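Listed here are the chains, written in short residue letters.
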Amino acid sequence: MWSRRLGLGRAGRHLLGVLALVLVVACEPDVLGIYHTLATESERDNRNLHDNLTVSATAEVAGYFYVAAHGMWSRPIGRDSWQEVRRPRSGSVEMPVLGMAQRNATLCVGTDNGVYHADADPKAPSWQRATGISGQILRVFAIPGRAGEILAIVHNDGLFVSRDGCQEFSRVELPVEATASGRPYDAFHDGSKYWLTVGKRVYFGGNLDDPLQREARAPEDSDYRGIWCLGTDNCYFANRAGEIYSLDSNNLELLGTIEPPDDDVEEVPLTLFIDIEDQMLIGTEGYGFYQFGVRDLDLSDVRRGPRSTSQLYRAHVTMFARHGDLVFAGTAGGGLSSIKVATAVKDTGTWDWE
Amino acid sequence: MICLYRWLCTTTLGALVLVGGLALPTAALAQDQGEDGVGSEADGEPLVAPRYGFGDSTLAMRLGIALPLFLLATDEVETPDGDRNNVLPANLSVVGSAAVNWNVYLNESFTIGAELGGGLAVDINDALWYMVPILVRGGYVISLPQMEIPISAGLGAVVMRLVDNTRVAFALQPGAGFLWRATPDWSFGATLEYWFSWEPPWADASDPHFFGNFVSASATAVYHF
């Protein structure tokens, strides 16, 4: 043993072991210290959401926040307590809500059998079934940059769009090779055209009714995930391999790769973006989210975002949403967290569990 | 209401442990004195404090509670209320604690030893927090015929964990014990300590340093080898 060669006795070896333990546990990634976490902790209301929810979306309508996480809940803005919202029914059974979007005062929810819409009501909306769409809805979302349009991704049936506030949907014709490549994941309108990620490919087009074109410059090594555009032809794409690409009218550039924090994993699967003031957040599957500056979009300054809430630190982030001065982060199985915008952009931001 | 209930439960449990810890040795003292104790005036012999010397050792066991007083930060920190402050609440329940301490006499009064402890509490959201102090403890023992009063200070590291976040802090734990000699081998009593711990900003040097402040009371049993 090396310790014996150094002439260390048993006590010395035990002391070295303790020192090694101290170094290992003291060098964890950039999470806030325990006293710091305790000192800035706020007490959760026990009537709040369950800690283990899988959150698909949040919305803000007429003074209330809404959250879709199989069940549906609402709370007045500025209050802590969430209350259950009646969901669309199939017979006498309330259906799971798998996605949600809003247009003006209308809520639009995806279920395991079709899409429903209703005027927002914090307790009992009067749900109506949308036409032109059926099957299990994987995601419903308003296209960023195109608030009047709502997209719905249907399990094994592609992509549908509604332009009338969720009453009627029509199919978005994706190229045959697109559907073969995988399922649609995200969409963004950059001010002049749509961008879509479908499987290992990126598509764009000026109109969802016309055939979309494949972005040939985008590598097809891994499934694409979130899209964020800062302006026309100025978009960013994340993929399942932890890579973030910048794509504009002239260049395709690999901005960087989020390096796995653990040696035993090869990549950090990325999910969705959100842009908060001068910070870009990108969710991950299992590692919370990462944060980097929007201005220079330099991934050399990327850092793991949530620094004190351990439930977010190792979460699969399924959604981000900004509502006024609050940012929500939803997770798969880890509930919903929120943070004030002003605090989110600071590196000591403490997320509160909702 | 739930907070009050939790506080009452923890405090009551801690008090029971403390009272139990003190009551047992008192009963043992009453039973043992005059049999094989350090001497009793009833035997006609004056009480004499035992003399310890270099190499004599003791094993002390403590069981008790600690009250989290406050946390101190080197920079002002924003609280959930939006205030900025250096002195911050610990947001922990009463800590249940235990420790085992082995000491060796360097001469008849001074001791040095090692201590391994543990503390357990929940935060304001019922998340589990625990700590394991690993200390070197130096002490001075005032030895009286029926009592010993060890005044000591522990210095070392505390491994803390909150949910799945593990951190190390440095600890200083000065304190004093008041122990009755029940038999030549056993002493029982109570120990009061102030726990001061320093958690440096391991992850990011721009974060503030934090200092934890606790006061601890524990029932103590000491075995003299």
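Up top you'll find the structure we're talking about.
Residues numbered from 1 in each chain as written. Chains lettered and ligands numbered in written order. Predicted model: local features only at pLDDT ≥ 70, side-chain atom pairs only at ≥ 80, totals over all residues. Heavy atoms only, no water.

For chain A, the helix and strand inventory stands at six helices and 30 strands. Of all 354 residues assigned to chain A, the portion counted as buried reaches 54%. Residue pairs at least 24 apart in sequence account for 44% of intrachain contacts in chain A once pairs closer than 6 positions are excluded. Of the accessible surface of chain A, which amounts to about 15200 Å², a share of 46% is contributed by carbon and sulfur atoms. (Helix = DSSP H or I, 4+ residues; strand = E, 2+ residues; numbered from the N terminus. Buried < 20%, exposed > 50% of the residue type's maximum accessible area, 1.4 Å probe, protein only. Contact = heavy atoms within 4.5 Å. Areas by Shrake-Rupley, 256 points an atom, 1.4 Å probe, with all protein chains shown as cover.)

All names here are of chain A. The four strands lie next to each other as β15-β16-β17-β18, forming an open sheet whose pairing is antiparallel. Where the open sheet ends on each side, the last strands, each with one partner, are β15 (184–189) and β18 (213–214). Two elements, strand β16 (residues 194–198) and strand β17 (residues 201–205), share five bridges in a ladder whose sense is antiparallel. Bridge assignment links T197 to a residue of β17, and that residue is V202. (Pairing = 2+ DSSP bridges.)

All names here are of chain B. Together, F54, L106, F110, I112, V136, Y140, I142, L144 and I151 make up an exposed nonpolar region whose accessible area comes to about 830 Å². Elements that contribute at least two residues to the nonpolar patch include exactly β4 (110–122) and β5 (128–143). Positionally, I142 belongs in strand β5. Relative accessible area serves as the criterion here: at 32%, I142 is assigned to the partly exposed category. (Patch = residues over 30% accessible without salt bridge, like charges linked within 9 Å, V, L, I, M, F, W, Y side chains within 5 Å. Salt bridge = Lys/Arg side-chain N within 4 Å of Asp/Glu carboxyl O.)

Let us look at the pairing of strand β20 (residues 234–239) of chain A. Residue and element names in this part refer to chain A. With respect to burial, β20 is a largely interior element, five of its six residues being buried. Looking at chain direction, strand β19 (residues 224–231) and β20 are connected through five bridges and run antiparallel. Pairing of W228 across the sheet is with Y236, part of β20. Between β19 and β20, which pair antiparallel and follow one another directly, the connecting turn spans two residues, one of which, D233, has a positive phi of 55 degrees. Where β20 folds back on strand β21 (residues 243–248), the antiparallel hairpin that results is connected by three residues, among which G242 adopts a positive phi of roughly 85 degrees.

Moving on to the side chain of Q173 of chain B. As for its position among the elements, Q173 of chain B is in strand β7 (residues 165–181). Setting aside residues up to four positions removed in sequence, Q173 of chain B forms contacts with E115, P133, L135, R137, S152, A153, G154, E193, Y194 and W195 of chain B.

Here we take up the packing of aromatic side chains. Tallying each qualifying case throughout the model produces 17 aromatic pairs over all chains. With centroids separated by 5.6 Å and ring planes inclined at 85 degrees, the aromatic side chains of F289 of chain A and F320 of chain A adopt a geometry described as edge-to-face. A residue pair is termed long-range when its members are at least 10 positions apart, and F289 of chain A in strand β25 (residues 289–293) and F320 of chain A in strand β27 (residues 317–323) qualify at 31 residues. Overall, the relative accessible area of 1% leaves F289 of chain A in the buried class. For F320 of chain A, a relative accessible area of 12% translates into the label buried. A centroid spacing of 5.6 Å and a plane angle of 10 degrees characterise the contact between F196 of chain B and F211 of chain B, whose relative ring orientation is stacked. One end of the pair, F196 of chain B, is in strand β8 (residues 186–199); the other, F211 of chain B, is in strand β9 (residues 210–224), with 15 residues separating them in the sequence. The class of F196 of chain B is partly exposed, set by a relative accessible area of 30%. Using a relative accessible area of 18% as the deciding quantity, one classes F211 of chain B as buried. Three or more aromatic residues joined by ring pairs make a cluster, and in this case those are W186, F188, Y223 and F225 of chain B. (Phe/Tyr/Trp six-rings, centres within 6.5 Å; stacked < 30°, edge-to-face > 60°.)

Pairing between sheet strands relies on hydrogen bonds along the backbone, with the strands arranged either parallel or antiparallel. Residue and element names in this part refer to chain A. One open sheet accounts for four strands, arranged β1-β2-β3-β4; its pairing is antiparallel. Each of the sheet's edge strands pairs with one partner strand only, and the pair in question is β1 (57–61) and β4 (83–84). Note: strand β2 (residues 64–69) against strand β3 (residues 71–76), six bridges, orientation antiparallel. Within the sheet, the bridge partner assigned to V67 lies in β3 and is W73.

A few words on the pattern of salt bridges. For the structure shown, the criterion picks out 20 salt bridges over all chains. Put simply, R201 of chain A and E220 of chain A hold a salt bridge, and the shortest N to O gap is 3.3 Å. Of this pair, R201 of chain A sits in strand β17 while E220 of chain A sits in the loop between β18 and β19, and the two are 19 residues apart along the sequence. Residue E220 of chain A is classed as partly exposed on the basis of its relative accessible area, which comes to 31%. Residue R181 of chain B pairs with E148 of chain B through a salt bridge whose shortest N-O separation is 3.6 Å. Separated by 33 residues along the polypeptide, R181 of chain B in strand β7 and E148 of chain B in strand β6 (residues 147–162) bring together distant segments of the chain. E148 of chain B sits in the buried class, given a relative accessible area of 3%. Connected via shared salt-bridge partners are R146, E149, R163 and D209 of chain A.

Judged by nonpolar contacts, the single largest core of 43 residues is most densely connected at W195, F237 and F273 of chain A. Within the second largest apolar cluster, 25 residues are counted, among which are A73, V95, A121 and F210 of chain B. (Core = buried A, V, L, I, M, F, W, Y, C linked by side-chain atoms within 4.5 Å.)

This brings us to the state of the cysteines. Residues and elements named next belong to chain A. The full count for this structure, using the stated rule, is two disulfides over all chains. A sulfur-sulfur distance of 2.0 Å marks the disulfide that ties C108 to C166. With the S-S bond torsion at 65 degrees, the cross-link from C108 to C166 turns out right-handed. Of this pair, C108 sits in strand β8 (residues 106–111) while C166 sits in the loop between β13 (158–162) and β14 (170–172), and the two are 58 residues apart along the sequence. Looking at C108, the relative accessible area reads 0%, which means it is buried. Look at C166 and you get buried, because its relative accessible area is 0%. Between the sulfur of C229 and that of C235 lies a disulfide, 2.0 Å long from S to S. Note on the C229 and C235 pair: the S-S dihedral is about 105 degrees, so by sign convention the disulfide is right-handed. Note on accessibility: C229 and C235 belong to one class, buried. Shown here for chain A is a disulfide pattern of 1-2, 3-4, where each number marks a bonded cysteine counted in sequence order. (Disulfide = S-S within 2.5 Å.)

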